[in-house]
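The chain contents come next:
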Amino acid sequence: MSRYNPKEVEPKWQKRWTDARSFETGADKKKPKYYVLEMFPYPSGRIHIGHVRNYAMGDVIARYKKACGYNVLHPMGWDAFGMPAENAAMQTGSHPAKWTYGNIDIMRGQLKQMGLAIDWAREFATCDPSYYVHQQRLFLEFWEAGLAYRKESLVNWDPVDQTVLANEQVIDGKGWRSGAPVERRKLSQWFLKITDYAEDLLAALDDGRLSGWPDNVKLMQKNWIGKSKGLRMRFPFGDGTKTPAGFEDGVEIFTTRPDTLFGASFIAISPDHPLTAKLAETDKDLAAFVAECASAGTSEEAIEKAEKRGYKTSLETGHPFDGRKLPVYVANFVLMGYGTGAIFGCPAHDQRDYDFATKYGLAIPPVVLPEGADAATWTLEGEPYVGPGEIFNSDFLDGLSVSDAIAAAIKKIEEMGLGEGVTQYRLRDWGVSRQRYWGCPIPAIHCEKCGIVPVPQKDLPVELPEEADFSVPGNPLDRHPTWKHVDCPACGGKGRRETDTFDTFIDSSWYFARFASQPEDKPVDKEVADYWLPVDQYIGGIEHAILHLLYARFFTRAMKKVGHLSVDEPFANLFTQGMVVHATFKDAESGEWLLPEDVIVEKGAAKRADNGKPVKIGAIEKMSKSKKNVVSPEGIAQTYGADAARWFMLSDSPPERDVEWTDSGVEGAWKLINRIWDAVSAEPGVLKKVDLQKPDAGADNSELRQATHSAIAGVTDDIDHFRFNKAIARIYEFLNTLKKAGGASDWARAEALSALSRLIAPFIPHLAEECWETLGGEGLICDAPWPKADPALLAKDEIVLGVQVNGKRRGEITVPAEADNKAVEEAALSDADVKRHIDGKTIRKVVVVPGRIVNIVAN
Ligand code: ANZ
Ligand code: ZN
C-alpha cells in the first residue's frame, strides 16, 4: 500500500486535465447547458483561503453538473482595473499594468494549484484592450440609444491634490492623501440611464424572474431602488415677501407624507438649490454658509451623519391650507439630487426635522395621534412620533388614517392647482466618469465646433497611453503631453480626447456575457450568448448585493435593448457565501499585526515564532490583508494538498455561514483523505474484476448496497441544495460502513468504491482521480457519469424527519425507518443545526410524532 502523496498526485492530475482539455466548453445545442460562475477576483496580490472557499463551492457545482450530463461553462478572469494599482504606482513607481499583470500571474498559479475545473481558454482581464474595446463599443451604442448622456454634477474636489475624489476617499470631510478639507465642485460628467429601468428592475424582484435569489438580497435591491409615492407641490411666497427674479412661483417641494401638511413649520432648501445660489448673490453670510456645507463631502452618508444646520433666509411662504407663514431655511441635510431639492419640515413626525426645529426654536405641532392615545392629553416626549395613527389638528384630514389622509391631501393640492401626486425613485442615474488613469477610456472627443463627438467604431479601441506620470496627484491622462490631442472625427479640426475613464463597476457589469461568447469583432455573438445566459448559478459575497448586481441587471437590459442579448436577468440563481474568519494577532509590545504563520499558540497563549515575545490574540475576524489574519493556500497545499483545504472549507459549516479556519480542521480533512485512500488502495483493480453492468443476484439488498445507495441519494440531494457540509458528513458515514463491510461480495464492494470515488470527485477531485485509476475505472473520473441511486434499495429503510425547536423548524434528521422513539430523540438532539438552537437551554420536553416530526421544547 503506497502512501498518499498529494505533492505528486495533485500536479499529475492537473496536467492530465489540461492535456485532455477536460473543462473547455463550446455551445452544444444537443445538451442542456449549465453556467456556473463565481464573482471574479480583483487581482490585489495573492489569493487567500477565503477565495478558495468561494471557488471550491462553484467547483463542486461545476463538476457535479458535468457528471450529471450538462454542458458546463465555468470560467475565470480578472476584475483588473481600479485604484489600488494606481495607488501602488504613486507609492512605489511601478506601472499599474505591470503591477496588475504581475498579480494576475501569481493568482492564476495559485488557483490552478487548487485544481479548479475551469475553462482557462476563456480567461481575460478587464484591463486587456481586447476586452475593453467591446465595452467602448457598447457605450457608443448605449449613447446612440439614449442610454448615456452628460450632465453637470457635483464631485468631491481635493484642492491640494487638484483631483476629484471618490466618496470612499473622503475621510471625515478630508482628502485621504492630502488631508485637506474637501470641496464640492460641479463638473460635466457621464451618466448611464439606469433610471429608465427603475420600474422593471423593481418588478423583476417580485414577479418570479428572480425566484432563485435570496430574499435578503432582493430586499436590499428593493430598498436601494426605493420607489415611493409622493407629492410634488408648490408653496407660494407669502404676501409682502420680496421674491427673487425667476422664482416668483414659490418653492416646489417633494414629500412622501402629505398627510402631515398641517404639521409643517418651515421650508428648507438645499445649499445647492438654484434659489440658494440666487439669494447668495446678494447675501454674503449665506454664501459663506453654502461654502461651509460644500466642504462636508457629497455622500449621502456624510450628509446624514453631519449635524443638522441651517441658514434662515429673508423669504417666507404661505401655507396652502391654513395660510400660516413658514420661514424658508437653507439646510445642510436637504439633498439637491433627490425629489426637488426642497422640503417642508414636519418636526413632530420626522427625526431630522425634529432635530432642526429643536435647534432653531421652531414650532413642533403634532398631527398624527398614535392608536389608543387621547387627543386631549397626548404630547410628544423628547422625540418625534414616526409611527402610524390617526390624523388630528388637521381640519379636513381629521380622523383619517395616514394612508387615507395622504390620498385626500394629494387630491386637494391637485384641485388647488398647486401640485400633483408622483412616483419617485431613490435610484439615481449612474455617474460613470472617473478622473483616473487605470480604467477604460471613454471613447469621446471634445471639439470646440462640434461639441462632444463619439469616437468612430473603426478607431476603437481608444487605448491607454503606456507612459504616464504618477509622481504627482491628479489624472495622468489629463496631463499626458500628447495623448489627448486628436483631430475631431466630425470636422477634422482640433479636438481633445475625453480624459475621464469608466467607473470600474462597468467592467464587471457584463463580463459574464463575454465569458459566454468572445467574438473578435463585437461584444458577444448573440446566438451563443443566448445559449449560455442566464448564468444558472452565480456565487459571491453579500457585499456585492446591491451595486454590482444592480448594475449587471441594468447592463443586461441595456445590451438587450441594443440587440446583443435576449434575456433581462443575468443571474437565474444567486448564492451568497459566508466568509472565512480567523483570529487576529498583534505583537504585544510593538502593536504590529502578525501573520498566523508567524505566531505559535499553545494552551491559549501566543508568542512570536521568531523571537518568542508575547503576542496578543485579538478578535476572530474576516480574513483581510490589513489585519494580516490571512492563511495562504500554498502553505496548506504544500503540507496537506489542495484537496484537504477544499474539503475542510466545505465541511465545517453550511456554505452561507462564516467558517473559522483552524489548523486542526485541515488536519482532520487530511486524515479523512488518508482513510479514503487506505480503503481504495487495498482493492486495486476491483472495477476490472466484476462487471457492474450485470447485477449480482447474491449481493442484492446487502447492508453495504443499501448504504451505497442511500449515500448516493443523500449526497445528490445535498449538493442540489447547497448543503455541502451535510454531503461531506454523509460521505464520512458511508466510509465507516464500507470499512466494516469486509464480508460483502466483491460486486457490492466494487459498487461501493466506485460510488465513493464519484461522490467525492466534486469536493476532492485529485484524490478521486487517483482512486478511480487505482480501482481500474475507465477514463478520467471528471468525465464519468454521476452515480444513480436505486430507489428499490432506499425503500423505507431511512426516513427524513423535520425537527422543531419551540415550534420553529430548525433541522432535519435521517434515521432508520424502524428506529424507536429513543433513537429518534437522540438523533434529533445531536443534529448540528438543532444543537445551535438548544445550546445553553434546558430541554423541557421532546415529542416524537413517528414518521412525521420531532418537537423539542427548550428554554
Ligand atoms: C414631509 C414629511 C413629514 C416627510 C414627515 C417625512 C416625514 P423617502 O421616503 O426616503 O422617499 N425629503 C424630500 N426631498 C428631500 C431631499 N432632497 N433631501 C432630504 N430630504 C428630502 O423620503 C421622502 C421624505 O424625505 C420626504 O417626505 C421629505 O420629508 C424628505 F412626517 O416631507 B417628508
Ligand atoms: Zn469638430
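Residues numbered from 1 in each chain as written. Chains lettered and ligands numbered in written order. Predicted model: local features only at pLDDT ≥ 70, side-chain atom pairs only at ≥ 80, totals over all residues. Heavy atoms only, no water.

Undergrad: Honestly, the coordination of the zinc ion (ligand 2) in this entry has me stumped. Any pointers?
TA: Each pair of donors in an ideal four-coordinate tetrahedral metal site encloses 109.5 degrees, whereas pairs in an ideal six-coordinate octahedral site enclose 90 or 180 degrees. Every protein donor of the zinc ion (ligand 2) is listed here as C447 (SG), C450 (SG), C488 (SG) and C491 (SG), and their distances to the metal cover 2.1 to 2.4 Å. If you look at the zinc ion (ligand 2), its four donor atoms make angles of 106 to 114° with each other, and the shape they trace is tetrahedral. Relative accessible area serves as the criterion here: at 33%, C450 is assigned to the partly exposed category. (Donors = N, O, S within 2.8 Å, 3.2 Å for Na, K, Ca; no water. Tetrahedral: all angles 85-135°; square planar, octahedral: opposite > 155°, others 65-115°. Buried < 20%, exposed > 50% of the residue type's maximum accessible area, 1.4 Å probe, protein only.)

Undergrad: What's the story with the site of ligand 1 in this structure? I'm lost.
TA: Neighbouring ligand 1 are 17 residues, the closest being T255, T256, L335, Y338 and H349. Here S228 contributes a side-chain N or O atom positioned 3.4 Å from an oxygen atom of ligand 1. Within the backbone of T256, a nitrogen or oxygen atom sits 3.1 Å from an oxygen atom of ligand 1. About the coverage of ligand 1: the protein hides 85% of its 640 Å² of free accessible area. For the shell around ligand 1, the per-class residue count stands at eight nonpolar, six polar and three charged. (Near = heavy atom within 4 Å. Polar contact = N/O pair within 3.5 Å; in protein donor to acceptor, adjacent residues only side chain to side chain. Areas by Shrake-Rupley, 256 points an atom, 1.4 Å probe, with all protein chains shown as cover. Nonpolar A, V, L, I, M, F, W, Y, C, P; charged D, E, K, R; others polar.)

Undergrad: Can you walk me through the packing of aromatic side chains in this structure?
TA: The geometry of two aromatic rings is summed up by the distance between their centres and the angle between their planes. Within the structure shown, the criterion is met by 51 aromatic pairs. The interplanar angle of 85° and the centroid separation of 4.9 Å between the aromatic rings of Y64 and W786 together place this pair among those described as edge-to-face. Taken together, the positions of Y64 in helix α2 (residues 49-67) and W786 in the loop between α25 (765-775) and α26 (791-794) put the pair 722 residues apart, joining distant regions of the chain. Using a relative accessible area of 10% as the deciding quantity, one classes W786 as buried. With 6.3 Å between their ring centres and 80° between their planes, F266 and Y329 make a pair best called edge-to-face. Taken together, the residues span a long stretch of sequence, with F266 in strand β10 (residues 266-269) and Y329 in strand β12 (residues 325-331) at a distance of 63 residues. (Phe/Tyr/Trp six-rings, centres within 6.5 Å; stacked < 30°, edge-to-face > 60°. Helix = DSSP H or I, 4+ residues; strand = E, 2+ residues; numbered from the N terminus.)

Undergrad: Explain the pattern of salt bridges to me, please; I cannot follow it from the model alone.
TA: Side chains that differ in sign of charge can pair as their charged atoms come close. Across all of its chains, the model carries 53 salt bridges by this definition. Residues K15 and D19 are paired through a salt bridge, measuring 2.8 Å at the closest nitrogen-oxygen approach. You can see K15 and its partner D19 sitting in helix α1 (residues 6-20), four residues apart, about one turn around the helix. Grouping residues by exposure puts K15 and D19 together as exposed. Here D59 and R646 are joined by a salt bridge, their closest N and O atoms 2.7 Å apart. Highlighted residues: D59 in helix α2 and R646 in helix α19 (residues 642-651), separated in sequence by 587 residues. (Salt bridge = Lys/Arg side-chain N within 4 Å of Asp/Glu carboxyl O.)

Undergrad: What exactly am I supposed to notice about the layout of surface pockets here?
TA: In this approach a probe as big as a water molecule rolls over the atoms, and the regions it shows empty are the leftover space. Each pocket or cavity is described by its volume, and for the second largest pocket that value is around 1,300 Å³. A729, R730, E733, E798 and T814 are, among the 43 residues lining the second largest pocket, the residues nearest its centre. At the level of secondary structure, the elements contributing two or more residues to the lining of the second largest pocket comprise α22 (703-720), α23 (724-740), α26, β32 (798-805), β33 (808-816), α27 (821-830) and α28 (832-838). When residues in the lining of the second largest pocket are grouped by element, the largest group, eleven residues, is from α23. (1 Å grid on protein atoms, 1.4 Å probe; cavity = no way out; pocket = protein on both sides within 12 Å on 5 of 7 lines; lining within 4 Å. Points joined across faces, edges and corners; volume = space filled by probe spheres on them.)

Undergrad: Teacher, can you tell me more about the packing of helix α6 (residues 198-206) against helix α7 (residues 215-225) here?
TA: Any two packed helices are characterised by the angle at which their axes cross and by the distance between the axes. Two elements in contact, α6 and α7, have axes whose closest approach is 10 Å; the angle formed by their N-to-C orientations is 155°. Between α6 and α7, the interaxial angle falls into the category roughly antiparallel. In this structure, the crossing between α6 and α7 has a hand that is left-handed. Across the interface between the two elements, A198, L201, L202, L205 and D206 of α6 pack against K218, Q221, K222 and I225 of α7. (Axes fitted to C-alpha atoms, helices over the stretch in contact; angles between N-to-C directions. Parallel < 35°, antiparallel > 145°, perpendicular 65-115°, else oblique. Left-handed = near helix turned anticlockwise from the far one by under 90°. Contact = heavy atoms within 4.5 Å.)

Undergrad: Just to check I follow, could you spell out the sheet that holds strand β7 (residues 183-192) for this structure?
TA: Strand pairs in the sheet, formed through backbone hydrogen bonds, run parallel or antiparallel to each other. Strand order in the open sheet made by the four strands is β4-β3-β7-β17, with antiparallel pairing throughout. Pairing within the sheet leaves two strands with one partner each, and these edge strands are β4 (163-165) and β17 (430-431). Where strand β3 (residues 148-158) lies against β7, ten bridges are found, and the strand directions are antiparallel. In the strand pairing of β7, R150 is matched with W190. (Pairing = 2+ DSSP bridges.)

Undergrad: Please explain the sheet that holds strand β25 (residues 574-576) as it appears in this structure.
TA: Taken together, the four strands give an open sheet; going across it, the order is β2-β1-β24-β25, and neighbouring strands pair in parallel fashion. At either end of the open sheet lies a strand with only one pairing partner, and these are β2 (71-73) and β25. Taken pair by pair, the neighbouring strands of this sheet meet at an average axis angle of 15°, ignoring direction.

Undergrad: Please explain unusual backbone geometry as it appears in this structure.
TA: Glycine aside, a negative phi is what most residues show, and trans is what most peptide bonds show. A cis amide bond links L460 to the next residue, P461, at an omega of -5°. Checked against the element boundaries, P461 lands in the loop between β20 (451-454) and α13 (476-479). Cis geometry marks the peptide bond from L533 to P534; its omega dihedral reads 0°. By the element assignment, P534 lies in the loop between α16 (526-532) and β24 (537-540). Phi at D395 is positive, roughly 50°, even though this residue is not glycine. If you trace the backbone, D395 turns up in the loop between β15 (390-391) and α12 (402-415). Of note in this structure, N806 is not a glycine but carries a positive phi near 50°.

Undergrad: Where do I start with empty space enclosed by the protein in this structure?
TA: Scanning the model with the defined rule gives four cavities of 30 Å³ or more in all. One number sums up the size of the largest cavity: a volume of about 110 Å³. For the lining of the largest cavity, the leading source of residues is α2, giving four residues. Residues of the lining of the largest cavity, tallied by class, amount to ten nonpolar, no polar and three charged. Space inside the second largest cavity adds up to approximately 70 Å³. For the second largest cavity, the full set of lining residues is M90, D161, T163, L165, Q169, W176, R177, R436, P473 and G474.

Undergrad: What's the story with the environment of L738 in this structure? I'm lost.
TA: In this fold, L738 is placed in helix α23. Among the residues examined, L738 registers a relative accessible area of 2% and is labelled buried. Discounting residues that sit within four places of it in the chain, L738 has contacts with L704, R749, A752, L753 and L756.

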